[in-house]
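# An overview of the molecular structure
One letter stands for each residue in the lines below.
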Amino acid sequence: ASTAVYGCARPFLYSRTTHEGKDRYVKLGARYGYGQNGVAPRFAHPVTLSETEWAGILDEVYVKPRKSFLSTGSERAGPSLAFNENDRRYLARYLAEAFLKARPDELVVFYLSQPREPGVTEIASGGLFVEGRQIHLVIANYRQPVSMSFIEQRIWNDPLRPVGDTLYDIIPQSYQTLRTGRLWDLTQSLFGQVSELIIDHRASLAFPHETSVTSGPVRLESRTDHEEGTKLEDQLRT
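Below is a summary of the structure that appears in this document. Predicted model, so just to flag it, every value in this text is computed and none were measured.

### Considerations on the pattern of salt bridges
Summed over all chains, the structure comprises 13 salt bridges. We note a salt bridge from Glu-85 to Arg-89, for which the minimum N-O separation is 2.6 Å. Here Glu-85 pairs with Arg-89, and both are found in helix α2 (residues 85–101), just four residues apart, close to one helical turn. Assessed through its relative accessible area of 44%, Glu-85 is described here as partly exposed. With a closest N to O distance of 3.7 Å, Arg-116 and Glu-122 form a salt bridge. Overlapping salt bridges bring together Arg-16, Arg-103, Asp-105 and Glu-106 as one network.

### Comments concerning the packing of aromatic side chains
For any pair of aromatic rings, the description rests on two quantities: the centre-to-centre distance and the angle between the ring planes. Counted by the stated rule, this structure contains eight aromatic pairs. Both rings, one in Tyr-111 and one in Trp-156, keep their centres 4.9 Å apart while their planes meet at 70 degrees; by these two values the pair is edge-to-face. On the criterion of sequence distance, the pair formed by Tyr-111 in strand β6 (residues 107–117) and Trp-156 in helix α3 (residues 149–157) is long-range, its members being 45 residues apart. With respect to burial, Tyr-111 and Trp-156 carry one shared label: buried.

Cut-offs and rules
Residues numbered from 1 in each chain as written. Predicted model: local features only at pLDDT ≥ 70, side-chain atom pairs only at ≥ 80, totals over all residues. Heavy atoms only, no water. Salt bridge = Lys/Arg side-chain N within 4 Å of Asp/Glu carboxyl O. Helix = DSSP H or I, 4+ residues; strand = E, 2+ residues; numbered from the N terminus. Buried < 20%, exposed > 50% of the residue type's maximum accessible area, 1.4 Å probe, protein only. Phe/Tyr/Trp six-rings, centres within 6.5 Å; stacked < 30°, edge-to-face > 60°.

This is how it looks when you write it as structure tokens:
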């Protein structure tokens, strides 16, 4: 594993490489200089989750194209898996390894790229951390088309910083909550918003078949729903 420090102005970024290839990586990253009272965030790391468990968690992350006036009908498509099979295998393998090594002031960051068309690269980048019993998946760039090398290098150097408009929405499933905003402590961006998916991974792993693909936030049963169901059952018994 290698160590890198870059950025002469606050904050400076520090990383330890878990795996790095030509077009992808998984690293342990820390950002110092900002945060509450200038103190780096503290996470519940290290974390022990197997490669199989990480694969199961990634199997439940769904996205849907965002509507725009330039859309050509793709927005009518239903939610689909955020990561293809190769990316899920890659991330699951190295997330398991990285979280075993992660310190409380480090989060795990990732970068995935693939050619989209001549002169254009499609990039996904973000990070993950654990607080309490919940996994937080922060996606700063998702299937972001990049044609300029310096923008590509910027994402490579800082995968938590969004570089353009959000083209896809994350669709939360069972045991998931979506939060969208400006995570100043992590992304250091005044302009771009990031999507943060909060996953109750223990519940998700315990009840994997309860996850269903939805087109919006999961609806939780209310007390009124339960009472009405009980009355109906009583009527049926009568």
